[in-house]
Protein chains: 2
Amino acid sequence: MEVIDRIDAWRKALDGERGAGRRVGIVPTMGALHRGHASLIERARADGPTVGVTVFVNPLQFGPGEDLDRYPRTLAADIELAAAAGATHLFAPSTAEMYPAPPATTVRVVGLAELWDGASRPGHFDGVATVVAKLLSQAGPCHAYFGEKDYQQLCVVRRLVADLDLPAVIVGCPTVREPDGLAVSSRNVFLTPAERAVAPVLHRALDAGADVLAAAGHPDAARATMHAVLAAEPALSVLYAEPVDPDTLQPLRAPLDPGGTARLLLAARLGRTRLIDNRGVTR
Amino acid sequence: MEVIDRIDAWRKALDGERGAGRRVGIVPTMGALHRGHASLIERARADGPTVGVTVFVNPLQFGPGEDLDRYPRTLAADIELAAAAGATHLFAPSTAEMYPAPPATTVRVVGLAELWDGASRPGHFDGVATVVAKLLSQAGPCHAYFGEKDYQQLCVVRRLVADLDLPAVIVGCPTVREPDGLAVSSRNVFLTPAERAVAPVLHRALDAGADVLAAAGHPDAARATMHAVLAAEPALSVLYAEPVDPDTLQPLRAPLDPGGTARLLLAARLGRTRLIDNRGVTR
């Protein structure tokens, strides 16, 4: 696996792959790679011969007082994991390489960016959209793999790529879970043992909400069910638990028709850690 | 010359040119092509074998009450002019092809977008930055030719391309002028004969301001000179006349050092028509 830290070398490497007729897949990450990222890399490698992983902790998507400084940085281990999962290239630029001057350009996906996590993290999805536009421009024509774990991010990226005609095909991949159902996340390392024992309730709440929504289609009942399951854990403070349209992320206002699809979005705070999870529902 | 109205066909045509080893130049325009555009096309053709002209009147960059509806649309003549100037491809998508749904994504170049024309045309440069990001993404790796006539736009585009690492080299080209000095512009057709006779005063004001700035370096004296020249034409109402930094477009606050460079920016209203012009100064 080739490890690259300069934009021009990265661009040249991927141009070379395409020039040789090889399809390019990329997996954009903030590092601290885990089994979830490995599943994206494996999927990309199953789809084509060239897989480039990008590792960049993007300051633009962290607000003041958020965990930019304590976000885990584990490049040596990331290189090992990416290579083992089948990556052929890994691009890990410095912040100075990505932003030689404070960037003036902001990409915003209006509508999606202000909802849910965007409401409590103002500017977060602008930072995501901006760095993804930049990473995709650097990479050139490719398939880009994103986890459904960050579902709102996936929607923002899909919309951004469609609106700006970026030459990428976005592939959303299923969330990888621990045996007890907790979604694998780089932030799980912040959980105390007691918090870790509580955390799978998010997944149970989503499953219970999905059962209710699939059965009768009533979003209010699904929301109430999720809140009831979550209320059993007093250490947990719910930020939102909502049945939404799977594309616009707007709350469902009417019952879901048979055959209709929805997404359940959930965020909660557990001690110092903010956890998110989601799942799809087809009635 | 190949005329194309679909994004996928345009992308495929330019990919084919690059695949055959030919450098691609593009000239993004809103149509109503004139000698100024012809000079961009000729320059691009002198630089390389493939020149694609885009013709799209971008609704995003017109504000409410601006001249979107009366902006001249002359596709048949544009095709003739582009072919005569040496273009090999012309891309003229419909609004529905460019924006199949109302776009949610906005690209903003903070700092540059709010100054000068951005102050009186809120959202204008967001519309420019968004459509240029989209046009450059569609076109893929290329040299892209823009006129210095729209100097603030050129600065916005340069910054956008640098910040997002779009795979384009931006080439700024000199303003083309009528024999009496008036900058060639699509909007000149709106001028009455009396207004047309007055309009060259913009160019004379710029030249007078440049002489003063080059001689002693004092921005206040240059600004005063421009205003004095313009005041001779009571039909004209000055919007701004400013010596600025050529990259940030911030007003010059200190005298220009010998060897230093500046830009003089000028905008004025003449009847219903808004005219802009600018020129560089090296002391």
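Just so we're clear, the structure is a prediction, and the values are computed from it rather than from any experiment.

1. Section: the packing of helix α6 (residues 124-139) of chain A against helix α7 (residues 151-164) of chain A
Residue and element names in this part refer to chain A. Look at α6 against α7: their axes get within 10 Å of each other, and the N-to-C directions meet at 50°. Comparing the axis directions of α6 and α7 gives the class oblique. Like other packed secondary-structure pairs, α6 and α7 cross with a definite hand, here right-handed. On α7, the residues touching Phe-125, Val-128, Ala-129, Val-132 and Ala-133 of α6 are Gln-153, Val-156, Val-157, Leu-160 and Leu-164. For the contact of α6 with α7, the per-class residue count stands at nine nonpolar, one polar and no charged.

2. What to know about the relation of the copies chain B and chain A
Note on the copies: chain B fits chain A at an RMSD of 0.0 Å, the axial shift is 0.0 Å, and the rotation between them is 180°. When the rotation and shift are considered jointly, the pair of chain copies conforms to a two-fold rotation axis. Residue Val-107 of chain B of chain B places its C-alpha closer to the rotation axis than any other residue of that unit, at 2.3 Å. Both copies contact each other with a shared surface, as 100% of the interface residues of chain B are interface residues in chain A too.

3. A closer look at the pairing of strand β3 (residues 50-55) of chain A
All names here are of chain A. With six of six residues buried, β3 is to be regarded as a mostly interior element. Residues Thr-50, Gly-52 and Thr-54 point to one face of β3 and Val-51, Val-53 and Val-55 to the other, with burial holding for every one of them. Where strand β2 (residues 24-29) and β3 come together, six bridges link them in parallel fashion. Bridge pairing in β3 places Gly-25 opposite Val-51. Taken together, β2, helix α2 (residues 35-47) and β3 constitute a β-α-β crossover, and its handedness is right-handed. Pairing geometry for β3 and strand β4 (residues 89-91), over three bridges, is parallel. The residue of β4 that forms the bridge with Thr-54 is Phe-91. The parallel pair β3 and β4, bridged by helix α3 (residues 75-85), forms a crossover whose chirality is right-handed.

4. Comments concerning unusual backbone geometry
Backbone geometry at Ala-32 of chain A places phi at a positive 50°, although glycine is not the residue there. Mapped onto the secondary structure, Ala-32 of chain A falls in the loop between β2 and α2. In this structure Ala-32 of chain A comes out as buried when scored by C-beta crowding, with 20 C-beta atoms within 10 Å. In this model, Asp-165 of chain B sits at a positive phi of 55°, which is unusual for a non-glycine residue. Relative to the helices and strands, Asp-165 of chain B resides in the loop between α7 (151-164) and β7 (168-173). A residue is classified by how many C-beta atoms lie within 10 Å of it, and Asp-165 of chain B, with 19 of them, is partly exposed.

5. Section: the sheet that holds strand β6 (residues 142-147) of chain B
Residue and element names in this part refer to chain B. If you trace the six strands from one edge of the open sheet to the other, you get β1-β4-β3-β2-β6-β7, paired in parallel fashion. Every interior strand has two partners, whereas the edge strands, β1 (2-4) and β7, have only one. Within the sheet, the average angular offset between the axes of one strand and its neighbour, ignoring direction, is 25°. On the sheet, α7 packs against β6 and β7 and is oriented at approximately 165° with respect to β7.

6. Quick look at the interface of chain B and chain A
In this complex, chain B contributes 23 residues to the contact, which on the side of chain A involves 23 residues. Contributions of two or more residues to the side of chain B that touches chain A are made by β5 (105-109), α6 (124-139) and α7 of chain B. A per-element tally of the side of chain B that touches chain A places β5 of chain B first, with five residues. When grouped by side-chain class, the residues that make up the side of chain B that touches chain A number 12 nonpolar, six polar and five charged. In this structure, strand β5 (residues 105-109) of chain A lies alongside β5 of chain B, joined through five bridges in antiparallel fashion. Across the sheet, Val-109 of chain A pairs through a bridge with Thr-105 of chain B, a residue of β5 of chain B.

7. Topic: α7 of chain B
Residues and elements named next belong to chain B. Relative to the 20 Å expected for 14 residues at 1.5 Å per residue, α7 spans 20 Å between its end C-alpha atoms, a close match to the ideal helical length. For α7, a buried count of 11 out of 14 residues is recorded, marking the element as mostly surrounded by other parts of the structure. Regarding α7, the residues found buried are Tyr-151, Gln-152, Gln-153, Cys-155, Val-156, Val-157, Arg-159, Leu-160, Val-161, Asp-163 and Leu-164. Phi for Asp-165, located one or two positions after α7, is positive at around 55°.

8. A short note on the packing of helix α9 (residues 201-216) of chain B against helix α10 (residues 219-231) of chain B
All names here are of chain B. Viewed as axis vectors pointing N to C, α9 and α10 meet at an angle of 155°, and their least axial separation amounts to 8 Å. It follows from the interaxial angle that α9 and α10 lie roughly antiparallel. The handedness of the crossing between α9 and α10 is right-handed. Facing Val-201, Arg-204, Ala-205, Leu-206, Ala-208, Gly-209, Val-212, Leu-213 and Ala-216 of α9, the residues of α10 in contact are Pro-219, Ala-221, Ala-222, Thr-225, Met-226, Val-229 and Leu-230.

9. Considering the nonpolar core
Counting residues in hydrophobic clusters, the biggest one holds 158 residues, and the most contacted among them are Val-156, Leu-160 and Leu-266 of chain A together with Val-156, Leu-160 and Leu-266 of chain B. Ignoring any residue separated from it by four or fewer positions in sequence, one finds Val-156 of chain A in contact with Val-109, Leu-112, Ala-113, Phe-125, Val-128 and Ala-129 of chain A.

10. Some words on the environment of Gly-118 of chain A
All names here are of chain A. Secondary-structure assignment places Gly-118 in helix α5 (residues 117-120). According to the C-beta neighbour criterion, Gly-118 is buried, with 20 such atoms within 10 Å. Along the sequence, Gly-118 and Gln-152 sit 34 residues apart, while their C-alpha atoms lie 8.9 Å from each other. Ignoring sequence-local partners within four residues, the contact set of Gly-118 consists of Ala-113, His-124 and Phe-125.

11. Quick word on helix α9 (residues 201-216) of chain A
Residue and element names in this part refer to chain A. With 16 residues, α9 extends 23 Å between its outermost C-alpha atoms, agreeing within 8% with the 22 Å of an ideal straight helix rising 1.5 Å per residue. Restricting attention to buried positions, one finds in α9 the residues Val-201, Leu-202, His-203, Ala-205, Leu-206, Gly-209, Ala-210, Val-212 and Leu-213. Directly after α9, the chain includes Gly-217, whose backbone phi takes a positive value near 80°.

12. Some details on the domain arrangement of chain A
Residues and elements named next belong to chain A. Considered domain by domain, chain A is made up of domain 1 (2-173) and domain 2 (186-282). Summarising the inter-unit geometry, the C-alpha centres of domain 1 and domain 2 are found 26 Å apart. Contact residues are listed per partner, giving 11 residues for domain 1 and 11 residues for domain 2. Of all the secondary structure elements, the ones that give two or more residues to the side of domain 1 that touches domain 2 are α5 and α7. Considering each element in turn, the side of domain 1 that touches domain 2 owes the most residues, three residues, to α7. Split into classes, the residues belonging to the side of domain 1 that touches domain 2 amount to seven nonpolar, three polar and one charged.

Rules used throughout
Residues numbered from 1 in each chain as written. Chains lettered and ligands numbered in written order. Predicted model: local features only at pLDDT ≥ 70, side-chain atom pairs only at ≥ 80, totals over all residues. Axes fitted to C-alpha atoms, helices over the stretch in contact; angles between N-to-C directions. Helix = DSSP H or I, 4+ residues; strand = E, 2+ residues; numbered from the N terminus. Parallel < 35°, antiparallel > 145°, perpendicular 65-115°, else oblique. Left-handed = near helix turned anticlockwise from the far one by under 90°. Contact = placed C-beta atoms within 7 Å. Nonpolar A, V, L, I, M, F, W, Y, C, P; charged D, E, K, R; others polar. Least-squares fit on C-alpha atoms with pLDDT ≥ 70 in both. Buried ≥ 20, exposed ≤ 12 C-beta atoms within 10 Å, placed from the backbone. Pairing = 2+ DSSP bridges. Right-handed = clockwise from strand over helix to strand, strands pointing away. Expected span 1.5 Å × (residues − 1). Core = buried A, V, L, I, M, F, W, Y, C linked by C-beta atoms within 7 Å. Domains from an automatic or database assignment.

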